[in-house]
Amino acid sequence: QVQLVESGGGLVQAGGSLRLSCAAYGSIFSINAMVWYRQAPGKERELVAVISIGGTTNYADSVKGRFTISRDNAKKTMYLQMNSLKPEDTAVYYCFADIKTSYRDSRVGYWGQGTQVTVSS
């Protein structure tokens, strides 16, 4: 059984910062790509940032220069440092990870439960 647990969301004023974490628990052989998504009310879920097992990163244009994705493979944890937050960053943020539970198994995608980020103007 694999679980992804997010933390770090909350309410912040525009221009402020938050740091989200996503920790993976359970029987895990390897974690490949890890991804942050977000979903605002009435909108589709969108990709925010992705990081490969080797640390290669990519960002949505809307967050480039403001957000930084990172991971600690030893801790099986991914982070999202969010600076210069804007009201339009308000959303539920979800983590996603591509995980193998043994060397024989295929990779399976897992989702976290989501954490609310609210940016007030």
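Residues numbered from 1 in each chain as written. Predicted model: local features only at pLDDT ≥ 70, side-chain atom pairs only at ≥ 80, totals over all residues. Heavy atoms only, no water.

Chemist: Tell me what's going on with the overall build of the protein, and back it up with residues and numbers.
Modeler: Counting its regular elements, the protein contains 0 helices and 11 strands. For the protein, the succession of helices and strands along the chain, N to C, is β-β-β-β-β-β-β-β-β-β-β. Against the compact-globule benchmark of 14 Å for 121 residues, the protein has a radius of gyration of 14 Å, which places it among compact chains. Out of the 121 residues in the protein, the part that is buried amounts to 41%. Expressed as a percentage of contacts within the protein between residues at least 6 apart in sequence, the contacts between residues at least 24 apart total 55%. Surface exposure of the protein reaches about 6,500 Å², of which carbon and sulfur atoms provide 47%. (Helix = DSSP H or I, 4+ residues; strand = E, 2+ residues; numbered from the N terminus. Rg over C-alpha atoms; globule rule 2.2 N^0.38 Å. Buried < 20%, exposed > 50% of the residue type's maximum accessible area, 1.4 Å probe, protein only. Contact = heavy atoms within 4.5 Å. Areas by Shrake-Rupley, 256 points an atom, 1.4 Å probe, with all protein chains shown as cover.)

Chemist: Now, about the side chain of Ser30: what can you tell me, with residues and values included?
Modeler: Within the secondary structure, Ser30 is located in strand 4 (residues 30-39). Apart from residues no more than four positions distant in its own chain, Ser30 is found in contact with Asp98, Ile99 and Lys100.

Chemist: Any details on the packing of aromatic side chains? Residues and values, ideally.
Modeler: For the coordinates displayed, the defined rule picks out 5 aromatic pairs. Here the aromatic rings of Phe29 and Tyr103 are separated by 6.4 Å at their centres, their planes lie at 55°, and the arrangement is tilted. Taken together, the residues Phe29 in the loop between strand 3 (18-26) and strand 4 and Tyr103 in the loop between strand 9 (91-100) and strand 10 (108-111) connect sequence positions 74 residues apart. Their ring planes at 50° and their centres at 5.0 Å tell us that Tyr37 and Trp111 sit as a pair that is tilted. Taken together, the residues Tyr37 in strand 4 and Trp111 in strand 10 connect sequence positions 74 residues apart. These aromatic residues form a ring-pair network of at least three members: Tyr37, Tyr94, Phe96 and Trp111. Arg45 extends its terminal NZ or CZ atom over the ring of Tyr94, reaching a point 3.8 Å from the ring centre. (Phe/Tyr/Trp six-rings, centres within 6.5 Å; stacked < 30°, edge-to-face > 60°. Lys NZ or Arg CZ within 6 Å of the ring centre and 35° of its normal.)

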